[in-house]
Amino acid sequence: MVHETTRHTRDFTVITNRLLQHPTIGGVAIAVGCHMMSVAEGTSVTIRCLADRLGFSRQKVADALHALEEHGYLRRTVIRTAGGRLITETVICHNPSAPAPRRPRPRRPAAPPPARAQNPAPDLTPTPVPTPKPAPGPTPRPLPPVPRPGFPAKELLRAALHVLVGLRDTDPRLYVSEADARNLAPGVAAWLERGASPQVIHHALTTDLPREPLYRPAALLAHRLTAHLPPAPPLTAPPAPSPTLAPLQHCEACDKCFRAPPTAPCPGCGSSVTAPAAYTP
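This write-up is about the structure you can find in this document.

Rules and cut-offs
- Residues numbered from 1 in each chain as written.
- Predicted model: local features only at pLDDT ≥ 70, side-chain atom pairs only at ≥ 80, totals over all residues.
- Heavy atoms only, no water.
- Helix = DSSP H or I, 4+ residues; strand = E, 2+ residues; numbered from the N terminus.
- Buried < 20%, exposed > 50% of the residue type's maximum accessible area, 1.4 Å probe, protein only.
- Contact = heavy atoms within 4.5 Å.
- Areas by Shrake-Rupley, 256 points an atom, 1.4 Å probe, with all protein chains shown as cover.
- Pairing = 2+ DSSP bridges.
- Axes fitted to C-alpha atoms, helices over the stretch in contact; angles between N-to-C directions.
- Parallel < 35°, antiparallel > 145°, perpendicular 65-115°, else oblique.
- Left-handed = near helix turned anticlockwise from the far one by under 90°.
- Nonpolar A, V, L, I, M, F, W, Y, C, P; charged D, E, K, R; others polar.

### Side note on the overall build of the protein
Scanning the protein from terminus to terminus reveals nine helices and five strands. Ordered by position from the N terminus, the helices and strands of the protein form the series α-α-α-α-β-β-α-α-α-α-α-β-β-β. For the protein, the residues scored as buried account for 26% of the 281 residues in total. Once local pairs closer than 6 in sequence are excluded, the contacts in the protein between residues at least 24 apart make up 54%. Accessible surface computed for the protein: about 21500 Å², of which carbon and sulfur atoms make up 58%.

Shown next, in the form of structure tokens:
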């Protein structure tokens, strides 16, 4: 046997081979089960309707339903509707091994409240009006990282804060909040630590600003503090110590003074009879 298959995109039903090839359930039960799986929910599946549609006798249809129910492919439950009428709910199971989903059963309608008096006393209690909660706004993104000073002294950070506060005097759009100033102050302190004056930092942060409104000025300031960071000043070598002058010595033989250690001979005559010379500035 060879299968000639076609991909179905509409008007088809997926049925498990466990039902189609069931060894003991019987051909009539398989036909009835496949037909019930193929119809839409809400279709009448009484014994009379199934017998008329499939051409089987009502007894064969009844036996087929019992066989399907015995093997788990069918569930029939008697329930009470909202109007109080008893009906049979029929559920066809496509996969009996899967756990059955829980469906809410219809309940009776609640009893109506008792009738109130003809002329009830007016209720003067004001009804509390719930206050609508404001919708949470979008969480602002964190500011870009800024440079950090090597030695964040309090005086350095205080001077950096003064620079940030003074920016709005030049352009009111450069107003920054307390939280943004706390994040930007280390970047300004790094400029001050590298020798930039407050006037130079002010000019670098306020020159060539865009003409359109600034959505978040603190992000622009953080970018400029990082992109235009001045280089660190070069390290200078400590000054060389001044050479120590040798003490003055006096030669008794040639009556001359020279600088040399106390035991050194006279460079003029070579005499070793020397003594420290008295120096009077």
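That shown, we press on.
### Describing the pairing of strand 3 (residues 248-251)
For strand 3 and strand 4 (residues 256-259), the ladder comprises four bridges, and the chain directions are antiparallel. Of the residues in strand 4, the one forming a bridge with Gln 249 is Phe 258. Between the end of strand 3 and the start of strand 4, which pair antiparallel, lie four residues, with Asp 255 showing a positive phi angle near 55 degrees. Pairing analysis gives three bridges linking strand 3 to strand 5 (residues 274-276), with the strands arranged antiparallel. Bridge pairing in strand 5 links Cys 251 to Thr 274.

### Details of the packing of helix 7 (residues 178-193) against helix 8 (residues 198-206)
Two numbers describe how helix 7 lies on helix 8: the axes approach to 10 Å, and their chain directions differ by 130 degrees. Taken together, the axes of helix 7 and helix 8 lie oblique to each other. When the axes of helix 7 and helix 8 are compared, the crossing they make is right-handed. Residue-level contacts link Val 188, Trp 191 and Leu 192 of helix 7 to Pro 198, Ile 201 and Ala 204 of helix 8. Its residues placed into classes, the contact of helix 7 with helix 8 shows six nonpolar, no polar and no charged.

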